[in-house]
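Geometric and topological summary
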Amino acid sequence: FFKQKTAYEIPLRLVGSEMCIRDRVTELINALTILPGVGKKSAQRMALYLLDRNKDGASILANTLNLAVENIQRCSSCRMLTSNDLCKVCLDSSRDAKSICVVESPSDVLAIESTGGYRGKYFVLLGRLSPIDGIGPEDLGIDDLLKIIIKNEIKEVILATSSTVEGDATAIFIKDHVKSAKVSRISYGIPIGGELEYVDGTTIARAIEGRVEINVD
């Protein structure tokens with residue numbers, strides 16, 4: 001009547017009048033499918049590898065993920081992910097404090113940083129303007145960005161939004177509201193409709209170097 005436990009199952013327990021078995025392997029596989037681009041088969045391979053071949057690695061992964069979830073927050077200045085009040089870029093006094101690069105997501109910051117071609121500060125919008133989805137300027141913290149530009153006497157605002165319709169609209173909106181600094185936008189080498197996080201480092205570095213000032217007239 002009672003099925004013998006395996007290493008991946010918790011003891012049988014009664015729920016009302018029915019016997020319920022929770023399979024931890026299945027739970028792990030389902031949890032891994034939360035990750036982007038990971039389907040059922042890929043999640044299954046990952047789960048079996050961690051459980052059968054690398055339990056130490058699985059423990060490290062679990063502990064690190066748990067600590068990250070509990071401690072990672074938004075930088076109070078640029079809104080990048082960090083475990084401190086300010087991220088390492090905002091704390092770095094060797095960076096150009098008069099230049100600010102505006103990006104859509106933390107992954108864009110990582111993509112630009114990996115090139116080593118930019119030494120200024122950042123501001124992360126956490127999205128882009130999209131009236132259809134109900135995302136307006138207040139949702140992107142654009143008012144905070146404008147205050148930072150004035151307070152820190154920023155000389156140049158580099159717009160690194162994606163080359164999509166929404167990305168273009170976001171860049172133009174910010175350009176129209178920045179009055180005290182030069183506004184430029186990366187363009188060279190970034191494909192139309194492309195997402196910045198999927199572009200290789202060399203292309204991003206050339207795009208930063210070949211940025212052009214936006215003229216809407």
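Refer to the structure above for everything that follows.
All residue numbers refer to positions counted from 1 along the written sequence of the respective chain. Where totals are concerned, whole chains, interfaces and linings use all residues; where local detail is concerned, this predicted model gives features only for residues with pLDDT of at least 70, and gives and counts side-chain atom pairs only at 80 or more. Side-chain numbers here rest on the full set of heavy atoms in the structure, without hydrogens or water.

For the rest of this paragraph, the subject is the overall build of the chain. Helix and strand counts for the chain come out as eight helices and nine strands. Burial status follows relative accessibility: with a 1.4 Å probe on protein chains alone, a residue under 20% of its type maximum counts as buried, one over 50% as exposed, and anything between as partly exposed. Considering the chain as a whole, with its 217 residues, one finds that 36% of them fall into the buried category. Put simply, of all contacts in the chain between residues at least 6 apart along the chain, 51% involve residues at least 24 apart. For the chain, the exposed area adds up to about 13,500 Å²; of that, 55% sits on carbon and sulfur atoms. The way it works is that DSSP assigns letters per residue, a run of H or I at least four long becomes a helix, a run of E at least two long becomes a strand, and they are numbered from the N terminus. Any two residues having at least one pair of non-hydrogen atoms within 4.5 Å are treated as being in contact. Reported accessibility uses the Shrake-Rupley method at a 1.4 Å probe radius. Residues are deemed covered only where the shown protein chains occlude them.

Within a beta sheet, neighbouring strands are joined by backbone hydrogen bonds and run either parallel or antiparallel to one another. Ordered in space as 6-5-7-8-9, the five strands form an open sheet in which the pairing is mixed. Bordering the open sheet on either side are strand 6 (120-124) and strand 9 (212-213), each of which pairs with just one other strand. Pairing analysis gives four bridges linking strand 7 (residues 156-159) to strand 8 (residues 182-185), with the strands arranged parallel. Bridged to Val157 within strand 8 is Val183. Pairing between strands is defined by DSSP: at least two bridges between them are needed.

Patch definition: residues above 30% relative accessible area lacking any salt bridge, with like charges linked at up to 9 Å and the nonpolar side chains Val, Leu, Ile, Met, Phe, Trp and Tyr linked at up to 5 Å. Salt-bridge detection follows one rule: a side-chain nitrogen of Lys or Arg within 4 Å of a carboxyl oxygen of Asp or Glu. Note on charges: Lys and Arg go in the positive column, Asp and Glu in the negative column, and His and the chain ends are not counted at all. Taken as the charge location is NZ of Lys, CZ of Arg, CG of Asp or CD of Glu. Residues Glu138, Asp139, Asp143 and Asp144 make up a contiguous surface patch of negative charge. Tracing the chain through its elements places Asp143 in helix 6 (residues 142-151).

Of note in the backbone geometry, Arg79 takes a positive phi value of approximately 75° without being a glycine. Its place among the elements puts Arg79 in the loop between strand 3 (73-74) and strand 4 (81-82). For Arg79, a relative accessible area of 17% corresponds to the buried category.

What follows concerns the packing of helix 1 (residues 24-32) against helix 2 (residues 40-52). Note on definitions: angles span 0 to 180 degrees between N-to-C directions of axes, and those axes are lines fitted to C-alpha atoms, for helices only across the stretch in contact. Between helix 1 and helix 2, the least distance of the axes is 8 Å, while the angle of their chain directions is 125°. The angle between helix 1 and helix 2 falls in the class oblique. Our pair here, helix 1 against helix 2, has a crossing hand that is right-handed. For the pair helix 1 and helix 2, the contacting residues are Val25, Leu28, Ile29, Asn30 and Leu32 in the first and Lys40, Ala43, Gln44, Met46, Ala47 and Leu51 in the second. Under this grouping Gly is polar, as are all residues other than the nonpolar Ala, Val, Leu, Ile, Met, Phe, Trp, Tyr, Cys and Pro and the charged Asp, Glu, Lys and Arg. Partitioned by chemical class, the residues of the contact of helix 1 with helix 2 number eight nonpolar, two polar and one charged. With respect to orientation, any angle under 35 degrees is reported as roughly parallel, any angle over 145 as roughly antiparallel, any angle of 65 to 115 as roughly perpendicular, and every other angle as oblique. The handedness criterion is simple: a crossing whose near helix is rotated anticlockwise from the far helix by less than a right angle is left-handed, and one whose near helix is rotated clockwise is right-handed.

Here the focus is helix 2. Expected span of a helix, by definition, is 1.5 Å for each gap between consecutive residues, and there is one gap fewer than residues. Given a rise of 1.5 Å per residue, 13 residues ought to cover 18 Å, and the 18 Å separating the end C-alpha atoms of helix 2 matches this to within 8%. Among the residues making up helix 2, those that are buried are Ala43, Ala47 and Leu50. One side of helix 2 carries all its buried residues, which in axial view fall inside an arc of 70°. Away from its buried face by more than 90 degrees, helix 2 exposes Lys41, Arg45 and Asp52. Taken together, the buried residues of helix 2 touch helix 1 and helix 3 (55-71). Directions drawn from the helix axis to the C-beta atoms are what define this arc.

Listing the buried residues of helix 6 in full gives Ile142, Leu145, Leu146, Ile148 and Ile149. With its buried residues spanning 160° around the axis, helix 6 presents them on a single face. Pointing more than 90 degrees away from the buried face of helix 6 are the exposed residues Asp143, Lys147, Ile150 and Lys151. Contacts from the buried residues of helix 6 go to strand 5 (96-103), strand 6, strand 7 and helix 7 (165-177).

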